[in-house]
Amino acid sequence: EAAVTQSPRSKVAVTGGKVTLSCHQTNNHDYMYWYRQDTGHGLRLIHYSYVADSTEKGDIPDGYKASRPSQENFSLILELASLSQTAVYFCASSENPSSAETLYFGSGTRLTVL
Amino acid sequence: GDSVTQTEGPVTVSESESLIINCTYSATSIAYPNLFWYVRYPGEGLQLLLKVITAGQKGSSRGFEATYNKETTSFHLQKASVQESDSAVYYCALGGTNAYKVIFGKGTHLHVLP
């Protein structure tokens with residue numbers, strides 16, 4: 001069974017602090033993604049990666065960095081957390097970039113920035 | 001632009017009642033849209049419920065059905081008789097040529113009363 005695990009499940013951070021969200025997949029998928037969801041919005045793509053040591057900007061990359069040190073791991077980094085980054089963050093993986101390909105999601109990280 | 005609009009939640013129905021969650025899409029930059037319904041059960045990540053990649057076709061899973069209607073640009077989710085275990089958040093999604101171009105609706109929170 002495909003598996004994507006995120007950590008932590010929830011986090012409270014202070015404004016200006018650094019936050020790292022982690023994602024680990026055991027699917028052997030090349031593609032990994034970070035999305036955020038805010039109240040009143042659908043999931044929006046922040047960064048994605050199709051190979052280790054390489055990341056690409058998604059639709060809303062400002063204020064975020066991503067790191068893909070291995071095929072299995074993909075991190076999202078907020079160097080200077082801001083109130084506007086309070087949201088639920090989802091990591092996902094897929095086998096290839098075909099739009100018909102199923103995305104496998106983690107259970108999400110609820111981030112609150114105070 | 002490309003977008004997905006779905007029924008605003010929360011939606012509350014009683015067990016054994018019928019359900020429809022509306023989804024309409026706009027795919028101005030996507031030549032051959034693929035359509036998806038994802039579901040997020042409490043405490044879990046999003047998982048694929050059903051997908052249809054050909055206009056005019058119907059997808060079904062777990063008693064849910066959705067028909068890809070290109071004329072009305074709709075992909076409504078229906079179920080004849082809901083169960084309490086169907087309580088979840090349902091996301092309609094539109095895919096283009098690449099998985100990193102998947103566009104999600106805001107999600108519809110469904111509560112099924114026993």
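What counts, and where the lines are drawn
- Residues numbered from 1 in each chain as written.
- Chains lettered and ligands numbered in written order.
- Predicted model: local features only at pLDDT ≥ 70, side-chain atom pairs only at ≥ 80, totals over all residues.
- Heavy atoms only, no water.
- Helix = DSSP H or I, 4+ residues; strand = E, 2+ residues; numbered from the N terminus.
- Buried < 20%, exposed > 50% of the residue type's maximum accessible area, 1.4 Å probe, protein only.
- Contact = heavy atoms within 4.5 Å.
- Areas by Shrake-Rupley, 256 points an atom, 1.4 Å probe, with all protein chains shown as cover.
- Lys, Arg positive; Asp, Glu negative; His and termini not counted.
- Charge placed at Lys NZ, Arg CZ, Asp CG, Glu CD.
- Core = buried A, V, L, I, M, F, W, Y, C linked by side-chain atoms within 4.5 Å.
- Disulfide = S-S within 2.5 Å.
- Pairing = 2+ DSSP bridges.
- Axes fitted to C-alpha atoms, helices over the stretch in contact; angles between N-to-C directions.
- Buried area = accessible area lost by both parts, 1.4 Å probe.
- Salt bridge = Lys/Arg side-chain N within 4 Å of Asp/Glu carboxyl O.
- Polar contact = N/O pair within 3.5 Å; in protein donor to acceptor, adjacent residues only side chain to side chain.
- Nonpolar A, V, L, I, M, F, W, Y, C, P; charged D, E, K, R; others polar.

Focus: the overall build of chain B
What chain B contains, in helices and strands, is zero helices and 12 strands. For chain B, the sequential pattern of α-helices and β-strands runs β-β-β-β-β-β-β-β-β-β-β-β. Along the three orthogonal principal directions, the C-alpha set of chain B runs to about 45 × 25 × 20 Å. Counting over 114 residues, chain B shows a buried share of 45%. Excluding contacts between residues fewer than 6 apart, the proportion of contacts in chain B whose partners are at least 24 apart in sequence is 55%. Within the structure as shown, chain B displays about 5400 Å² of accessible surface, and the carbon and sulfur contribution to it stands at 48%. On chain B, the mean spot of the 8 positive side-chain charges and the mean spot of the 9 negative ones are 10 Å from each other.

Looking at the nonpolar core
Among the nonpolar cores identified, the biggest contains 27 residues, and W37, L49, L50, F75, L77 and Y90 of chain B are the most heavily contacted of them. The set of elements that each furnish at least two residues to this core consists of β2 (11–14), β3 (19–21), β4 (23–26), β5 (34–40), β6 (46–52), β8 (64–67), β10 (88–95) and β12 (108–113) of chain B.

Quick word on the state of the cysteines
Residue and element names in this part refer to chain A. Counted under the stated rule, the structure contains two disulfides over all chains. Each disulfide pairs two cysteine sulfurs, and for C23 the partner residue is C91, the sulfurs being separated by 1.9 Å. For the disulfide bridge between C23 and C91, the dihedral angle about the S-S bond is near -80°, and by the sign convention the bridge is left-handed. One end of the pair, C23, is in strand β3 (residues 19–25); the other, C91, is in strand β9 (residues 87–94), and 68 residues separate them in sequence.

Regarding the sheet that holds β3 of chain A
Strands pair in a sheet through their backbones, by hydrogen bonds, and they do so in one of two ways: parallel or antiparallel. Residues and elements named next belong to chain A. Pairing in this open sheet of four strands is antiparallel, and the strands run β1-β3-β8-β7 from one edge to the other. On the outer flanks of this sheet lie β1 (4–7) and β7 (65–67), each paired with one strand and no other. Going from strand to strand, the sheet's axes swing by 20° on average, the running direction of each strand aside. Judged from the six bridges that link them, β3 and strand β8 (residues 73–78) form a sheet pairing that is antiparallel.

What about the interface of chain B and chain A?
Taken residue by residue, the interface counts 23 residues in chain B and 26 residues in chain A. For the chain B and chain A pair, buried surface summed over both sides reaches about 1800 Å², with 56% attributable to carbon and sulfur atoms. Joining chain B to chain A, the criterion identifies zero salt bridges. At the junction of chain B and chain A, the tally comes to six residue pairs in polar contact (both at pLDDT 80 or more). Where the side of chain B that touches chain A is concerned, the elements lending two or more residues are β5, β6 and β10 of chain B. Among the residues forming the side of chain B that touches chain A, the class breakdown is 10 nonpolar, eight polar and five charged.

A few points about the pattern of salt bridges
One pass over the full model with this rule turns up five salt bridges over all chains. Ionic pairing is found between K65 of chain A and E79 of chain A, a salt bridge with its closest N-O pair at 3.7 Å. With a gap of 14 residues between them, K65 of chain A in strand β7 and E79 of chain A in the loop between β8 and β9 connect regions that are remote in the sequence. With a shortest N-O distance of 2.7 Å, D86 of chain B and K79 of chain B are connected by a salt bridge. Neither D86 of chain B nor K79 of chain B differs from the other in exposure class; each is buried. Bridged by salt links that share partners, the residues R36, D38 and R44 of chain A form one connected network.

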